[in-house]
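Structural characterization, general
So you can see what is in the structure, the chains are spelled out below.
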Amino acid sequence: MRILAIGDVCGEPGLLFLEKRLKQFKDENKIDFCIVNGENANVVGVKPNQIDMILKAGADVVTLGNHTWTRTELKPYLDERRRVLRPANYGPQCPGRGINTFRTDFGDVCVLNLLGRFTLDNNTDNPFVIADGYMHEIREKIILVDFHAEGTSEKKAMGFMLDGKASAVWGTHTHVQTSDAVVLPNGTGYITDLGMTGPVVSVLGIDPEQSIGKFMGDPPERYNSAKGACAMEGCVFDIDPDTGKCQHAEAVRYL
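Residues numbered from 1 in each chain as written. Predicted model: local features only at pLDDT ≥ 70, side-chain atom pairs only at ≥ 80, totals over all residues. Heavy atoms only, no water.

**Overview of the overall build of the protein**
The number of helices and strands found in the protein is six helices and 14 strands. For a compact globule of 255 residues, the expected C-alpha radius of gyration is about 18 Å, and the protein comes in at 17 Å, within 12% of that figure. Along the longest, intermediate and shortest principal axes, the C-alpha atoms of the protein span 50 × 40 × 35 Å. Burial analysis of the protein (255 residues in total) assigns 55% to the buried set. Partitioning the contacts of the protein with sequence separation of at least 6, the portion at a separation of at least 24 is 63%. (Helix = DSSP H or I, 4+ residues; strand = E, 2+ residues; numbered from the N terminus. Rg over C-alpha atoms; globule rule 2.2 N^0.38 Å. Buried < 20%, exposed > 50% of the residue type's maximum accessible area, 1.4 Å probe, protein only. Contact = heavy atoms within 4.5 Å.)

Below is the structure:
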């Protein structure tokens, strides 16, 4: 079974690129199941109609992260849509769900969305404790984990903790693709960060001049997406559906 995980969709340029190219990529690479992080489709946060666009473009599941609550209109939407996950370590009183099971031709697939705590100012439960608890409860063989986190050490630690328990663990949030796609010793596919889907000539999807101005001390203002050519970044994991083990992990960058 071929799993495609796509990095954070950034603004309208990322959304439009995904609409034009995702299905083509899936066809060309014989992808069976696709998960897209839609956290930044509205530059900061995401609107319900933008999630609908991502699903229509070819995603089977959309995951979120630290900007989940930026758009208040997303709250009722999360309760209504089972194919959208917010981090599972938000409080149980929060709308939506952080874990769900999806039927595929290769059997049921469990997807878990988690949020890191290192440098992220969010009131969340410990993602390691939450993940460990779920691993004792999940009965599906194929388990996929999107860990939306800042620290590379936090992501690597999660990967090793879940090695042999999850089929694949990947990091999102930092928008810079890492070069460490690998199958860990006990059979879990892993990459520290998928990268992003959005403008190539940018600072994490944002107009470079605006980003430079921020670091120079300009007054805060709403981020503007950069213009120009886009790329879609992520990772393809080949999973044995009988064992749930990953056989191969490869980072991809699609222009």
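Next comes the rest of the description.
**Description of a nonpolar patch on the surface**
Residues Val176, Val203 and Leu204 make up a contiguous nonpolar surface patch of roughly 220 Å² in combined accessible area. With respect to the secondary-structure elements, valine 176 resides in the loop between β9 (168–172) and β10 (182–183). A residue is classified by how much of its surface remains accessible, and valine 176, at 47% relative accessible area, is partly exposed. (Patch = residues over 30% accessible without salt bridge, like charges linked within 9 Å, V, L, I, M, F, W, Y side chains within 5 Å. Areas by Shrake-Rupley, 256 points an atom, 1.4 Å probe, with all protein chains shown as cover. Salt bridge = Lys/Arg side-chain N within 4 Å of Asp/Glu carboxyl O.)

**Some thoughts on helix α5 (residues 152–161)**
Among the residues of α5, those classed as buried are Glu154, Lys155, Met158 and Gly159. In an axial view of α5, the angular spread of the buried residues amounts to 135°, which keeps them on one side of the axis. Elements in contact with the buried residues of α5: β7 (107–115), α4 (127–137), β8 (142–148), β9 and β11 (189–191). (Arc of directions from axis to C-beta.)

**Notes on the nonpolar core**
Formed by 29 residues in total, the largest nonpolar core has its most connected members in Leu4, Leu18, Phe25, Val36, Ile51, Ile54 and Met232. Breaking this core down by element, the ones donating at least two residues are β1 (2–6), α1 (11–28), β3 (33–37), α2 (48–57), α3 (74–80), β13 (230–239) and β14 (246–254). Ignoring sequence-local partners within four residues, the contact set of isoleucine 54 consists of Val9, Leu15, Leu18, Val36, Gly38, Ala41, Ala59 and Val62. (Core = buried A, V, L, I, M, F, W, Y, C linked by side-chain atoms within 4.5 Å.)

**Some thoughts on the sheet that holds β9**
Pairing in this open sheet of six strands is mixed, and the strands run β6-β7-β8-β9-β11-β10 from one edge to the other. The open sheet has two edge strands, β6 (99–104) and β10, and neither has a second partner. Summarising the sheet, β9 and β11 pair through three bridges and their orientation is parallel. Counted as the bridge partner of tryptophan 170 is isoleucine 191 from β11. Here α4 sits on the sheet in contact with β6, β7 and β8, set at roughly 165° to β7. In the packing of α5 onto the sheet, contacts are made with β7, β8, β9 and β11, and the angle to β9 comes to roughly 170°. (Pairing = 2+ DSSP bridges. Axes fitted to C-alpha atoms, helices over the stretch in contact; angles between N-to-C directions.)

**Here's the deal with the environment of valine 236**
Among the secondary structure elements, valine 236 is positioned in strand β13. A C-alpha to C-alpha distance of 5.6 Å links valine 236 and isoleucine 3, two positions 233 residues apart in sequence. Apart from the residues lying within four places of it in its own chain, the contact partners of valine 236 are Arg2, Ile3, Leu4, Phe25, Ile31, His248, Ala249, Glu250 and Val252.

**So, the packing of aromatic side chains**
Considering all chains together, one arrives at five aromatic pairs under this definition. Ring plane angle 85° and centroid distance 6.1 Å describe the contact between phenylalanine 128 and phenylalanine 147, whose orientation is recorded as edge-to-face. Taken together, the residues phenylalanine 128 in helix α4 and phenylalanine 147 in strand β8 connect sequence positions 19 residues apart. (Phe/Tyr/Trp six-rings, centres within 6.5 Å; stacked < 30°, edge-to-face > 60°.)

**Regarding α1**
Over its 18 residues, α1 runs 25 Å from end to end, which matches the ideal 26 Å to within 8%, given 1.5 Å per residue. Considering bend angle alone, the principal kink of α1 is centred on arginine 21 and spans about 40°. Downstream of α1 by a residue or two, lysine 30 has a phi angle that is positive, lying close to 55°. (Expected span 1.5 Å × (residues − 1). Bend = angle between axes of the 7 residues up to and from the residue.)

**Details of the state of the cysteines**
Summed over the entire model, instances satisfying the criterion amount to zero disulfides. Between cysteine 94, a cysteine without a disulfide, and cysteine 110, which holds the nearest cysteine sulfur, the sulfur-to-sulfur distance is 19 Å. Here cysteine 246 stays unpaired: no disulfide links it, and the sulfur of cysteine 235, its closest cysteine neighbor, is 7.8 Å away. (Disulfide = S-S within 2.5 Å.)

**A short note on unusual backbone geometry**
Look at valine 43: it is not a glycine, yet its phi comes out positive at around 75°. Given a relative accessible area of 16%, valine 43 falls into the buried group. Backbone geometry at histidine 173 places phi at a positive 110°, although glycine is not the residue there. Histidine 173 gets classed as buried once you look at its relative accessible area, which sits at 15%.

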